[in-house]
Amino acid sequence: MNLKLSTRTTMLYAVILYLFCACGQEGVTEDQLKSSGNTKAKLGDYKAALVDYDKAIKTNPDNPRLYNNRAAALVEMGRLPEAIQDFSKSIEMDPENAMAYSNRALAFATQRKFDEAVHDYSMAIKLNQHEPKLYFSRASAYSDLKQYDKAIADYNEAIKLTANEPSFYSGRGIAKAQSKDLQAALQDFNKAIELKPDFGLAYTNRGLTKLVLGDKSGGCEDLHRAKELGSTSAEKVLQEQCK
């Protein structure tokens, strides 16, 4: 009985909300539209969020955060060129917004425009020097450019700011492995696994590193563990190297 009442009540609220939203947008403020768009974006309904952000921008075309929010929705929809235009507009209006630079950098990186990504992450870091994820993200872009020394330096900065994040050690381990510093890479993968015992990627990379170092038994053991944790790449190497 209570369940039926709860369902009917929920449906009633839904109808009221629909009627409210279906009415003309007169009197709906920019903040209400932005809030509605943010809620829809969090629920994964980016198309509907985009409608709200468009209306909010028409209401106030001078708010840089509206362009940033709309751009984020466009990224999720795979519309990267349009997203970059909106991030650029947001930055033009508010050059001190580190988040807009960081978001545009991610869009560039998704397009494999890593030089542009490094530039934007660098701008974000200038504006927010104590955010470890910015160093981590720039390190990843440097790695994609095969600039491993710069990548390692950024991973070091990220770790200085947050010493217990396993992905920072895993990323640095990959960069060190690419630089042929395999023993140092092994230490970083060990630390990543210590911090996160179910870190499949770290097991995969540690296993590969052990194989290169000639430790077939240890490498295959790590790859088996990575496979148990769902790593498809580990499974492929197991078939080739650990028969």
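**Student:** Can you help me understand the packing of helix 7 (residues 114-127) against helix 8 (residues 132-144) in this one?
**Tutor:** Angle between the axes and distance between the axes are the two parameters that describe a pair of packed helices. One way to put it is that helix 7 packs onto helix 8 with a least axis distance of 9 Å and a crossing angle of 160°. Judged by the inter-axis angle, helix 7 sits roughly antiparallel to helix 8. Between helix 7 and helix 8 the crossing geometry is left-handed. Facing Phe 114, Ala 117, Val 118, Tyr 121, Ser 122, Ala 124 and Ile 125 of helix 7, the residues of helix 8 in contact are Leu 134, Tyr 135, Ser 137, Arg 138, Ala 141, Tyr 142 and Asp 144. A breakdown of the residues in the contact of helix 7 with helix 8 according to their chemical character gives 10 nonpolar, two polar and two charged.

**Student:** Can you walk me through the packing of aromatic side chains in this structure?
**Tutor:** Using the criterion set out here, one finds two aromatic pairs in the structure. With a centroid separation of 5.9 Å and 65° between ring planes, the pair formed by Phe 136 and Tyr 155 is classed as edge-to-face. Taken together, the residues span a long stretch of sequence, with Phe 136 in helix 8 and Tyr 155 in helix 9 (residues 148-161) at a distance of 19 residues. For Phe 136, a relative accessible area of 24% corresponds to the partly exposed category. Seen in terms of ring centroids, Phe 136 and Phe 168 are 5.2 Å apart; in terms of plane orientation they differ by 35°. Their pairing is tilted. Taken together, the residues Phe 136 in helix 8 and Phe 168 in helix 10 (residues 166-178) connect sequence positions 32 residues apart. We classify Phe 168 as buried; its relative accessible area is 4%. When the ring centre of Phe 199 is taken as origin, the NZ or CZ atom of Lys 196, which lies over that ring, is 5.0 Å away. A cation over an aromatic ring shows up here: Arg 225 above the ring of Tyr 203, its NZ or CZ 5.9 Å from the ring centre.

**Student:** So what exactly am I meant to see when it comes to the nonpolar core here?
**Tutor:** The nonpolar side chains of a soluble globular protein tend to be buried, and buried together. Ranked by size, the top nonpolar core spans 49 residues in total, and within it Ala 117, Ala 151, Ala 175 and Leu 223 carry the most contacts. Those residues within four positions of Ala 151 in sequence are excluded, and the remaining contacts are Ala 139, Tyr 142, Ser 143 and Ala 175.

**Student:** Help me out: how do you make sense of the confidence of the model for the chain in this one?
**Tutor:** As a general rule, the predicted coordinates of low-pLDDT regions are not to be interpreted in detail. In this model, the chain carries a mean pLDDT of 90, and residues with pLDDT of at least 70 account for 89%. In the predicted structure, residues 1-25 sits below a pLDDT of 50 and forms two contacts with residues beyond four places in sequence or in another chain.

**Student:** What exactly am I supposed to notice about the environment of Glu 92 here?
**Tutor:** In this fold, Glu 92 is placed in helix 5 (residues 80-93). Accessibility expressed as a relative area gives 60% for Glu 92, which makes it exposed. Expressed as a C-alpha distance, the spacing of Glu 92 and Pro 64, which sit 28 residues apart in the sequence, is 8.3 Å.

**Student:** Is there a simple way to think about the pattern of salt bridges in this case?
**Tutor:** Side-chain pairs of opposite charge can arise whenever the charged atoms involved come near each other. Throughout the structure, instances matching the rule amount to 13 salt bridges. In this structure, Glu 157 engages Lys 160 in a salt bridge whose closest nitrogen and oxygen atoms are separated by 3.4 Å. Taken together, the positions of Glu 157 and Lys 160, both in helix 9 and three residues apart, correspond to about one turn of that helix. According to the relative accessible area criterion, Lys 160 is exposed, its value standing at 64%. For the salt bridge of Lys 176 with Asp 188, the shortest nitrogen-to-oxygen distance reads 3.4 Å.

**Student:** Would you mind going over the side chain of Arg 172 with me for this structure?
**Tutor:** Structurally, Arg 172 can be placed in helix 10. Apart from residues no more than four positions distant in its own chain, Arg 172 is found in contact with Ile 152, Tyr 155, Asn 156, Ile 159 and Asp 188.

**Student:** Is there a simple way to think about the packing of helix 10 against helix 11 (residues 182-195) in this case?
**Tutor:** Look at helix 10 against helix 11: their axes get within 8 Å of each other, and the N-to-C directions meet at 165°. As the angle between them shows, helix 10 and helix 11 are arranged roughly antiparallel. As for the relative orientation of helix 10 and helix 11, their crossing is left-handed in sense. Listed contacts from helix 11 to Pro 166, Tyr 169, Ser 170, Arg 172, Gly 173, Ile 174, Lys 176 and Ala 177 of helix 10 are Leu 182, Ala 184, Ala 185, Asp 188, Phe 189, Lys 191, Ala 192 and Leu 195.

**Student:** Is there a simple way to explain helix 8 in this structure?
**Tutor:** Note: α-helices contain 3.6 residues per turn, so residues at a spacing of three or four share the same orientation. Taking 1.5 Å as the rise per residue, helix 8 with 13 residues should run 18 Å; its terminal C-alpha atoms sit 19 Å apart, in good agreement. Every buried residue belonging to helix 8 is among Pro 132, Leu 134, Tyr 135, Arg 138, Ala 139, Ala 141, Tyr 142 and Ser 143, and all of these are buried. Buried residues along helix 8 sit against helix 6 (98-110), helix 7, helix 9 and helix 10. Where helix 8 begins, the capping side chain belongs to Glu 131, and its oxygen is found 3.0 Å from the backbone nitrogen of Lys 133.

Thresholds, definitions, all that
Residues numbered from 1 in each chain as written. Predicted model: local features only at pLDDT ≥ 70, side-chain atom pairs only at ≥ 80, totals over all residues. Heavy atoms only, no water. Axes fitted to C-alpha atoms, helices over the stretch in contact; angles between N-to-C directions. Helix = DSSP H or I, 4+ residues; strand = E, 2+ residues; numbered from the N terminus. Parallel < 35°, antiparallel > 145°, perpendicular 65-115°, else oblique. Left-handed = near helix turned anticlockwise from the far one by under 90°. Contact = heavy atoms within 4.5 Å. Nonpolar A, V, L, I, M, F, W, Y, C, P; charged D, E, K, R; others polar. Phe/Tyr/Trp six-rings, centres within 6.5 Å; stacked < 30°, edge-to-face > 60°. Buried < 20%, exposed > 50% of the residue type's maximum accessible area, 1.4 Å probe, protein only. Lys NZ or Arg CZ within 6 Å of the ring centre and 35° of its normal. Core = buried A, V, L, I, M, F, W, Y, C linked by side-chain atoms within 4.5 Å. pLDDT = per-residue confidence, 0-100. Salt bridge = Lys/Arg side-chain N within 4 Å of Asp/Glu carboxyl O. Expected span 1.5 Å × (residues − 1). Polar contact = N/O pair within 3.5 Å; in protein donor to acceptor, adjacent residues only side chain to side chain.

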